[in-house]
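# Results of the structural survey
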Amino acid sequence: AGSYVGFDTITRQIEHKLLKRGFQFNVMVVGQTGLGKSTLINTLFASHLVESKGRIEPEAVSPSTTEIHAQSHIISENGVKLKLNIIDTPGYGDLINNEGCWDPIIKHIKDQHSAYLRKELTAMRDRYIPDTRVHCCLFFINPTGHTLKPIDIVVLKKLTDVVNVVPVIAKADSMTLEERALFKERIMAELQHHQVRLYPFDAEENDDEELQLNQRIRSMLPFAVVGSERNVVIDGKSVRGRKNRWGVINVEDERHCEFVYLRNFLTRTHLQDLIETTAQIHYETFRSKQLLALKE
Ligand code: GDP
Ligand code: MG
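Let me sum up the structure you'll find in this document. (Residues numbered from 1 in each chain as written. Chains lettered and ligands numbered in written order. Predicted model: local features only at pLDDT ≥ 70, side-chain atom pairs only at ≥ 80, totals over all residues. Heavy atoms only, no water.)

### Things to note about the sheet that holds strand 6 (residues 223–224)
Selection rule: Two strands pair if DSSP finds at least two bridges between them. Every helix listed is a DSSP run of H or I at least four residues long, and every strand listed is a run of E at least two residues long, numbered separately from the N terminus. Two residues form a contact once any of their heavy atoms are found within 4.5 Å. Helix axes use the C-alpha atoms of the stretch in contact, all axes being lines fitted to C-alpha atoms, and the angles between their N-to-C directions lie in the range 0 to 180 degrees.
What the 6 strands build is an open sheet, ordered 2-3-1-4-5-6; its pairing is mixed. The outermost strands of the open sheet, each flanked by one partner alone, are strand 2 (69–77) and strand 6. Alignment of strand 5 (residues 165–169) against strand 6, held across 2 bridges, turns out to be parallel. Across the sheet, the residue bridging to I169 is A224, located in strand 6. Its contacts with the sheet place helix 1 (residues 10–21) against strand 1 (23–30) and strand 3 (80–89), and it is angled at close to 50° to strand 3.

### Comments concerning the site of ligand 1
Counted only if it meets this: Whether a residue is near a molecule or strand depends on its heavy atoms: if one lies within 4 Å, it is near. Two N or O atoms form a polar contact when they lie within 3.5 Å of each other; inside protein one atom must be a possible hydrogen donor and the other a possible acceptor, and for residues adjacent in sequence the pair counts only when both atoms belong to side chains. Each accessible area is a Shrake-Rupley result for a 1.4 Å probe, and residues are judged covered by the shown protein chains and nothing else. Each residue is assigned to one of three groups, with Ala, Val, Leu, Ile, Met, Phe, Trp, Tyr, Cys and Pro labelled nonpolar, Asp, Glu, Lys and Arg labelled charged, and all others, Gly among them, labelled polar.
Surrounding ligand 1, one finds 13 residues, the nearest of these being G34, K37, S38, T39 and D173. Separating a nitrogen atom of ligand 1 from a side-chain N or O atom of D173 is a distance of 2.7 Å. Compared with its free state, where it exposes 580 Å², ligand 1 has 70% of that area covered by protein. Broken down by class, the residue content of the shell around ligand 1 amounts to 2 nonpolar, 7 polar and 4 charged.

### Some remarks on the packing of helix 3 (residues 103–122) against helix 8 (residues 271–295)
Short version of the rule: Oblique is the label for every angle not falling under 35 degrees (roughly parallel), over 145 degrees (roughly antiparallel), or within 65 to 115 degrees (roughly perpendicular).
Remark: helix 3 packs on helix 8, axes separated minimally by 10 Å, with the N-to-C direction vectors making an angle of 75°. One finds that helix 3 runs roughly perpendicular with respect to helix 8. Of the residues in helix 8, those in contact with K110, H113, S114, Y116, L117, E120 and L121 of helix 3 are T278, H282, Y283, F286, R287, Q290 and L291. Looking at the contact of helix 3 with helix 8, its residues break down into 6 nonpolar, 5 polar and 3 charged.

### Re the side chain of T277
Inclusion rule: For every residue, the accessible area (1.4 Å probe, protein chains only) is compared with the maximum for its type, and the residue is labelled buried under 20%, exposed over 50%, or partly exposed between those bounds.
With respect to the helices and strands, T277 occurs in helix 8. T277 gets classed as buried once you look at its relative accessible area, which sits at 7%. Ignoring sequence-local partners within four residues, the contact set of T277 consists of N164, Y199, F201 and H282.

### Looking at the packing of aromatic side chains
Note the threshold: Working definition: a ring pair exists when centres of Phe, Tyr or Trp rings (six-membered ring for Trp) sit within 6.5 Å. Plane angles under 30 degrees give stacked, over 60 give edge-to-face, the rest tilted. Placement of a charge over a ring requires the Lys NZ or Arg CZ to be within 6 Å of the ring centre, with the centre-to-atom vector within 35 degrees of the ring normal.
Considering all chains together, one arrives at 4 aromatic pairs under this definition. Here Y199 and F201 contribute two aromatic rings whose centre-to-centre distance is 5.9 Å and whose plane-to-plane angle is 80°, an arrangement assigned as edge-to-face. Here the aromatic rings of F223 and F265 are separated by 5.5 Å at their centres, their planes lie at 35°, and the arrangement is tilted. Highlighted residues: F223 in strand 6 and F265 in helix 7 (residues 259–269), separated in sequence by 42 residues. Classification of F265 by relative accessible area gives buried; the value is 1%. What links up through ring pairs into an aromatic cluster is the set Y199, F201, F223 and F265. Stacked on the ring of Y116, the Lys or Arg R133 has its end atom at 3.6 Å from the ring centre. Here the guanidinium or amino end of R133 rests over the ring plane of Y283, the centre of that ring lying 4.7 Å away.

### A short note on the sheet that holds strand 7 (residues 231–234)
Here 3 strands make up an open sheet; going across it, the order is 7-8-9 and the pairing antiparallel. Each edge of the open sheet carries a strand with a single partner, namely strand 7 and strand 9 (248–250). Each strand of the sheet is rotated relative to its neighbour by a mean of 65°, with strand direction disregarded. As paired elements, strand 8 (residues 237–243) and strand 9 share 3 bridges and run antiparallel to each other. Note that in strand 9 the partner of K243 across the bridge is V248.

### As for the state of the cysteines
What we call a disulfide is simply a covalent bond connecting the sulfur atoms of a pair of cysteines. Our working definition: Cysteine sulfur pairs qualify as disulfides if the two atoms are within 2.5 Å.
Taken as a whole and judged by the stated rule, the model has 0 disulfides. With no disulfide partner, C101 has as its closest neighbouring cysteine sulfur the one in C137, 13 Å distant. When its relative accessible area of 6% is taken as the criterion, C101 is described as buried. Of all cysteine sulfurs, the one in C136 lies closest to C257, which takes part in no disulfide; the gap is 17 Å.

### So, the environment of I86
Summarising the element assignment, I86 is placed in strand 3. Residues I86 and Q71 lie 15 residues apart in sequence; the distance between their C-alpha atoms is 5.3 Å.

### Considerations on the pattern of salt bridges
Quick note on the threshold: Any carboxyl oxygen of Asp or Glu within 4 Å of a side-chain nitrogen of Lys or Arg constitutes a salt bridge here.
Taken as a whole and assessed by the stated rule, the structure comprises 9 salt bridges. For the salt bridge of E120 with R287, the shortest nitrogen-to-oxygen distance reads 2.9 Å. Of this pair, E120 sits in helix 3 while R287 sits in helix 8, and the two are 167 residues apart along the sequence. We note that E120, like R287, is buried. When the shortest N-O distance is used, the salt bridge between E258 and K184 registers 2.7 Å.

What follows is the structure, given as structure tokens:
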């Protein structure tokens, strides 16, 4: 007794400071118009919006523009504040000639890295730099049941070079479970063939449990999801779902789709790792390239 120094309280101090500041999480959605990007984002987060109970929806834009829209929201759960930035990228893959349609998307991601680097070089070392770097890019795949389009491969390769990419099969309610399994297999084989490096990455400091978790995530990719902004009544309970002529789909039922897996992954198991990986891998790669270029 009496020899307790107390530095172990650092964990609580850090936690308290972080909790007070809140977490910044920036998610980008990429995919053709109409694939359900806005709907999925709302299914994931809208019920926890602090300021408005409304929809997360950037102003309508013409699909022929390639403008990027970022919208900030604050969501909160049990006193923990999450500053959520949704970056919508309308127009990808919508046009007849899609050559270069990915440029504004890649540019936006790099611009955030570049802004962060500028602040880092000028700001006082210990000052907090607001983080606009894109932590996760949800890539929406058309549920065709066939293969990816050549342009998807091109864009995925470019994206995975600069950001954590998580592919999802949109509107998975349009496929049977067999079709879905086959489609997933085909997509993963294609991505492997083209050496597309999806998130999550294994790091040296990962323990067995983390490695296993990553492996499990990889075996599930791409998440086949269904989104809905409506509630339907199933067995007397009101749940997020979609009703069609044949029956109802409960978005949160694992037998119906993989929405719950995506949500667990995004918000419960990998949120912090997505943020860290962005800083330690993607931003660091950008940073060392920039600094090297400065020296030459
Ligand atoms: P975005 O252009 O990618 O943002 O697509 P939206 O979220 O605006 O959705 C386009 C249309 O698809 C809307 O009518 C949605 O109700 C519908 N939709 C969204 N998600 C799903 C889904 O998972 N399954 C089905 N069947 N329809 C969906
Ligand atoms: Mg939209």
